[in-house]
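Residue-level listing of the chains:
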Amino acid sequence: MKAQRCRGWGLMLAVALLLGTAGPAPAAEKLLEIGVLGPLSGGAASYGVELVRGAEMRADEINKAGGLKVGADVYKIKLITYDHKASAADAATAANKLVFQDKVKFIIGNAVGATCNAVQTVTEPQKIMFAFVCWGTKNLGQDKPYSFRSMLSQWEAAEPFYRWIKEKRPTIKKVAIISPNDTSGLDTNTAVVKAAKGLGFDVVAEETYERGTKDFYPILTKMLAKKPDMLDVAAAPPGEAGLIVKQAVELGFKGAKGWTAGSNPATLVSIAGVEAAEGVWSPVNINVKSDFVDAKVRKFGEEYEKRYKEVAGVIAVANYGAFDVFTKAMQEAGSIETEKVLAALTSRPYETVWGRLLIGGKETYGIDRQFLYPMVISEVRGGKNVDLEQVLPGALKALKK
Amino acid sequence: MPIELLIQALLNGFALALVYVLVALGLTLIFSILEIINFAHGEFYMLGGYATYFAFAVFGLPYVPTLGLAIVAVGLGGMVAERLIFRSLRGKALNAFIVSLGLLWVLQSAAQLSFGVLDKSVPRAFSGIIRAGGIIISVERFVVMLAAAGLIAVLYLFLQWSRVGRAMRAVAQDADGAALQGVNIEFISMLGFAIGCALAGAAGGLLAPVFAVSPAMGALPVVKAFIIIIVGGMGSLPGAVLGGLLLGTVEGIGALFFGSAAVNILGFLMVILVLLVRPRGLFGVA
């Protein structure tokens, strides 16, 4: 009897202690899974690697700061990554996995236009928010309200770029353009040809090649026979752009070199060699160490290089910025429901890694879904990328005033 | 159209065609002796490229010894692959097809995990340009062309005049008959596979400074090798050389008149035509 009473008191004491030490019930930490797609192998792998790294950096920052607070909930961010090898079929498969198997509501990161078309057949009907750097013209439109492009495309870059060339190098009259033979490449060629012809340039050659091509002598022989003053490697990814430039110089080309879609000149230089890469102009890449970019880009560049031991390219910055904008919109909406997040994403300026960013593009795509930020035209000199001039896309010019 | 442009186009096609002939010869040698098609052949090309990258670009060895090292290393790798994987599949085409596909993915994935997915640049081994009239070729491509031609010649002499080469031809013609004559089939199979892979490794080593290296670099050369073998005839060295030159002509001239995208189509159209008209290939044995 005495033993039973002791056990009873002991049990009551234990319960009291438990109740005493238990504070208010903690908010359950929720998981927000976000998809990242990209070509993580093959000729366009540099795009995919940068997309993943940009997303990783922002996700890790948010998680280290305690998570993403949306309304009353706090979310830990987890990335789910798939490699689509720049193939539309594989991209559709990966998108299906992300949406129906992994149940993500946000895909932040994709490259290569044809793959974006494929992914959007899955994301748009399911109202999945999708941010990408793909350059297909039809990747944005009124029929695709949940899709956003986070990097300047050929439609924003080509005209200011060719206008700059016309002002600074008036001796350049004849231009030859080459891009991969897919959605991004064909659309880039279309935009570049339109911009160049509109400014009075003579487009003497417009060619495409299959992604993965290594030997460009046959196609370059045909292009260089037209004696262009400038060769624009347009939408070629860094590795292939480097090979084209190298082989053009081997074939005796001594004219100017442009790269409308140039995203990572460091890779082009490593493949082409310092001598062949000399003088390559590119309008959309970002030198993360330059004084022409916002201080936040420089800080991002330092952190990126510390972590990955490589210099960050524009695609990494773009996807980091996309992550930033989408998560801010979630917080403004107080929800991760995509319809509410979409409603919160407006055309007002956002303060991001780019500095001031606007979501515009209605005059080109019929809907404001294009991230707009200052672009910097740069030139490769002595193996290094040197910034020459900052240029504002149209809508940002009005904002700066 | 200026004649120099046509000659330049032909030279463009021929310059690298001989390197793809090396890949094709390796493939056809393996088929002749083991009666299997090695779909992982392109990955031995890739390994030759990476061996060159590490020895030449990273460790700074001179290029010619590097190439020799790549050839020997990949050849040894082929020897191991034959002993561990393909020996028991001799004559079993379907099984070998599936196994070699598996080996392809294993090697490519291993390369991605070990070396990363991005292209790695290999410094130029030879610099300078050769100009003759309006025709241009880089010294690098000219040396590659000569080296490939030299290796093809060495292979031909080896197969024709050496005791081991004659044994290989005997096994390719009739393995049972060769065994009855005292030829060690297992040794010849291993050596044949090793030499076949070494040829692919040599091609990878020759083209590494020209194109850079990446885990998926073996895909295109092996497709070209198949086209060359089908056109030239499986098992025929002269057929492979002719097939390679034909492919080079089609690609060089085709790009000039029809553009880059059409070049791939022309290569496969040539294959279809040969299969319809002369299925054994130009020099193949019925």
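Reading guide: rules and limits
- Residues numbered from 1 in each chain as written.
- Chains lettered and ligands numbered in written order.
- Predicted model: local features only at pLDDT ≥ 70, side-chain atom pairs only at ≥ 80, totals over all residues.
- Helix = DSSP H or I, 4+ residues; strand = E, 2+ residues; numbered from the N terminus.
- Rg over C-alpha atoms; globule rule 2.2 N^0.38 Å.
- Buried ≥ 20, exposed ≤ 12 C-beta atoms within 10 Å, placed from the backbone.
- Domains from an automatic or database assignment.
- Contact = placed C-beta atoms within 7 Å.
- Pairing = 2+ DSSP bridges.
- Right-handed = clockwise from strand over helix to strand, strands pointing away.
- Core = buried A, V, L, I, M, F, W, Y, C linked by C-beta atoms within 7 Å.

Asker: Outline the overall build of chain B, listing residues and values.
Answerer: Helix and strand content of chain B: eleven helices and two strands. Along its sequence from the N terminus, chain B presents helices and strands in the succession α-α-α-α-β-β-α-α-α-α-α-α-α. The C-alpha atoms of chain B give a radius of gyration of 19 Å, which matches the 19 Å a tight globule of 286 residues would have. Principal axes of the C-alpha set define a box for chain B whose edges measure 60 × 50 × 35 Å. Across the 286 residues that make up chain B, the buried fraction comes to 53%.

Asker: Would you mind going over the domain arrangement of chain A in detail, with residue names and values included?
Answerer: All names here are of chain A. One can read the domain layout of chain A as domain 1 (30–152 + 292–373) and domain 2 (154–283). Each of domain 1 and domain 2 was reduced to a C-alpha centroid, and the two centroids are 28 Å apart. Each partner contributes to the interface: domain 1 provides 22 residues, whereas domain 2 provides 21 residues. Elements with a minimum of two residues in the side of domain 1 that touches domain 2: helix 2 (45–64), helix 4 (113–123), helix 12 (314–333) and strand 14 (370–372). Per element, the largest residue contribution to the side of domain 1 that touches domain 2 is three residues, and it comes from helix 4.

Asker: Tell me about the pairing of strand 5 (residues 129–132) of chain A, and name the residues and values.
Answerer: Residue and element names in this part refer to chain A. Residue alternation in strand 5 divides its side chains into two sets, Met-129 and Ala-131 and Phe-130 and Phe-132, and both sets are buried. Both strand 4 (residues 106–108) and strand 5 contribute to a ladder of three bridges, which runs parallel. Bridge assignment links Ile-107 to a residue of strand 5, and that residue is Phe-130. Handedness of the crossover joining strand 4 and strand 5 through helix 4 is recorded here as right-handed. As paired strands, strand 5 and strand 6 (residues 147–149) are joined by three bridges and run parallel to one another. Residue pairing across strands places Ala-131 opposite Phe-148, the latter belonging to strand 6.

Asker: So what's going on with the interface of chain A and chain B? Which residues, and what values?
Answerer: Each partner contributes residues to the interface: chain A has 29 residues there, and chain B has 29 residues. Secondary structure elements with two or more residues in the side of chain A that touches chain B: helix 2, strand 8 (202–209), helix 7 (217–224), helix 8 (238–250) and helix 9 (265–272) of chain A. A per-element tally of the side of chain A that touches chain B places helix 7 of chain A first, with five residues.

Asker: For the nonpolar core, give the residues involved together with the corresponding values.
Answerer: Formed by 229 residues in total, the largest nonpolar core has its most connected members in Val245(A), Val317(A), Val21(B), Leu22(B) and Val23(B). If you tally residues by element for this core, the top one is helix 1 (residues 3–34) of chain B, at 19 residues. Formed jointly, this core draws a minimum of three residues from each of two domains, domain 1 (30–152 + 292–373) and domain 2 (154–283) of chain A. Apart from the residues within four sequence positions on either side, Val245(A) is in contact with Val233(A), Lys257(A), Leu268(A), Ala272(A), Ala276(A), Ala277(A) and Val280(A).

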